[in-house]
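Results of the structural survey
As a plain string of letters, each chain reads:
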Amino acid sequence: MGSISLQKVGKLYGAVSAIHGVDLEVEDGEFVVFVGPSGCGKSTLLRMIAGLESITTGKISINGKVMNEVSPRDRDIAMVFQNYALYPQMTVRENIAFALQLRKFAKAEIDRRVSEAARILDLADLLDRKPRELSGGQRQRVAMGRAIVRDPEAFLLDEPLSNLDAKLRVQLRAELSRLHVRLGVTTIHVTHDQVEAMTLGSRVAVFSRGALQQYDTPHALYHAPSNIFVAGFIGSPAMNFLEATVVDAGRGKMVVSIGDGRLVVTPKSDAHDLPAGRTLLVGLRPEHLSWRPAGEASASGGAASRLAARVELVEQLEPESFIAVAPANPQVVIRTADDYSIGTPADPAELVRRDARLIVLRVSADKVPRRDTMLELVIDGSRAHLFDGTTGKAL
């Protein structure tokens, strides 16, 4: 199997920088996922690894061998594309065998490999059909079969599930995971779907505007994001970000002001040494927020962690609901990742008006407030994430 190493890899299209000096290591047999919004450069980087795109700067190595000048056919990798790329005039058997025939494999070896791939992918009964006679999921399995028979050092998967309906995506996601466990082949999978990324990857690389934001396990991305972009991209609904000012810090605790309220937070690092007056962002996952009717007495007396708000929207999904609320105090500032230059500056058209921003809660569906009612948002400071108010980097 093969390890893959990227060292300061960059890509220029004229004067436009599409990929910004990416450093990344994929270990032998690992399943790594590249994830990010459309246009972030993840597919371009995958094509650079495959040799389908030239690199402008840096070095790409497979199993310790530099691949910068090596042709795609000599890199010993197999790529699966979003659109399947099957030959319509060929049968399933012929599609799977085609690459082996080009390489002049013996017929007996081709038959053996095709039969084994068909058995693994449950295609044995479909070998004599044409692609037009197959469902979307079956076509994608044929595309995977064509990659498997090559016995490559690595699989490169470019959004292979994006053309499928939601139910089939879930099914094939599980099949991909089982297939990787069975074959143990180094795999890089590109997707814009964070659920796909978090469920498939042993490690996940998060990209934004051509820059690698964080490369870590799914657990670490969710619980210890490196900046506001990762924190907001990983998790659905997205993390809420409230602008806050340090009031007092010390002894492992910090008091911050949000609007005219106070919140005690537990810093996860040396952030408790920050001076009074420093601007921070308090990040709050929707599931770490709760609510109570306006004016209801608090059992703990924790008035500092309560924020008056009006219900703007309720989405009842069963067995949970999402509640979007607008703070009653206009001094409460809600931020988003687009307020920060993570990679290259955002297009002003992408920015959400501040007065249109809401705080989202994830709660049980059995008790939700009605739209336009007032409530008190309850904030658990021990679950808060802290970010630098200027750069958006995690503290």
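Above this text is the structure in question.
Position numbers for residues start from 1 in each chain and track the written sequence from start to end. The model is predicted, so local features are restricted to residues of pLDDT at least 70 and side-chain atom pairs to those at 80 or more, both for listing and for counting; the totals for chains, interfaces and linings are taken over all residues. Calculation of side-chain values draws on the structure's entire complement of heavy atoms; hydrogens and water are dropped beforehand.

1. Focus on the overall build of the chain
Only DSSP runs of H or I with at least four residues qualify as helices, and only runs of E with at least two residues qualify as strands; both kinds are numbered from the N terminus onward. Of the regular secondary structure elements, the chain holds eight helices and 21 strands. Oriented by its inertia axes, the alpha-carbon framework of the chain measures out at about 80 × 45 × 40 Å. Three exposure classes are used, based on accessible area relative to the maximum for each residue type with a 1.4 Å probe and protein chains only: buried under 20%, partly exposed in between, and exposed over 50%. Evaluated residue by residue, the chain yields a buried proportion of 50% over its 395 residues. Excluding contacts between residues fewer than 6 apart, the proportion of contacts in the chain whose partners are at least 24 apart in sequence is 71%. Per-residue accessibility takes into account occlusion by the displayed protein chains alone, with areas from the Shrake-Rupley method and a 1.4 Å probe. Here the chain displays about 18500 Å² of accessible surface, and carbon together with sulfur accounts for 50% of that area. His residues and chain termini do not enter the charge count, which takes Lys and Arg as positive and Asp and Glu as negative. We put the charge of a Lys on NZ, of an Arg on CZ, of an Asp on CG and of a Glu on CD. Between the mean site of the 48 positive side-chain charges and the mean site of the 47 negative ones, the chain shows a separation of 2 Å. The criterion used for residue contact is that any of the two residues' heavy atoms lie within 4.5 Å.

2. Concerning the sheet that holds strand S3 (residues 31-35)
One bridge is not enough; two strands pair if DSSP finds at least two bridges between them. One open sheet accounts for six strands, arranged S6-S7-S8-S3-S9-S10; its pairing is mixed. In this open sheet, the two strands that pair with only one neighbour each are strand S6 (77-80) and strand S10 (211-216). Taken over all neighbouring pairs, the strand axes of this sheet differ in orientation by 15 degrees on average, direction set aside. The sheet contact formed by S6 and strand S7 (residues 154-158) spans four bridges and is parallel. From the neighbouring strand, Met79 faces S7, where its bridge partner is Leu156. Throughout, an axis means a line fitted to C-alpha atoms (over the contacting stretch in the case of helices), and angles, computed between N-to-C directions, take values from 0 to 180 degrees.

3. Quick word on the packing of helix H4 (residues 136-148) against helix H5 (residues 166-183)
Running from N to C, H4 and H5 point in directions that differ by 20 degrees, and their axes come no closer than 11 Å. Considering their axes alone, H4 and H5 lie roughly parallel with respect to each other. Here H4 runs over H5; the crossing is right-handed. From H4, Gly136, Gly137, Gln140, Arg141, Met144 and Ile148 reach across to H5, where they touch Leu168, Leu172, Glu175, Leu176, Leu179 and Leu183. Each residue is assigned to one class: nonpolar for Ala, Val, Leu, Ile, Met, Phe, Trp, Tyr, Cys and Pro, charged for Asp, Glu, Lys and Arg, and polar for all the others, Gly among them. Residue composition of the contact of H4 with H5, by class: seven nonpolar, three polar and two charged. Orientation categories follow fixed angle ranges, with anything under 35 degrees roughly parallel, anything over 145 roughly antiparallel, 65 to 115 roughly perpendicular, and all other angles oblique. By the definition used in this description, the sense in which the near helix is turned from the far one sets the handedness, with an anticlockwise turn below a right angle giving left-handed and a clockwise turn giving right-handed.

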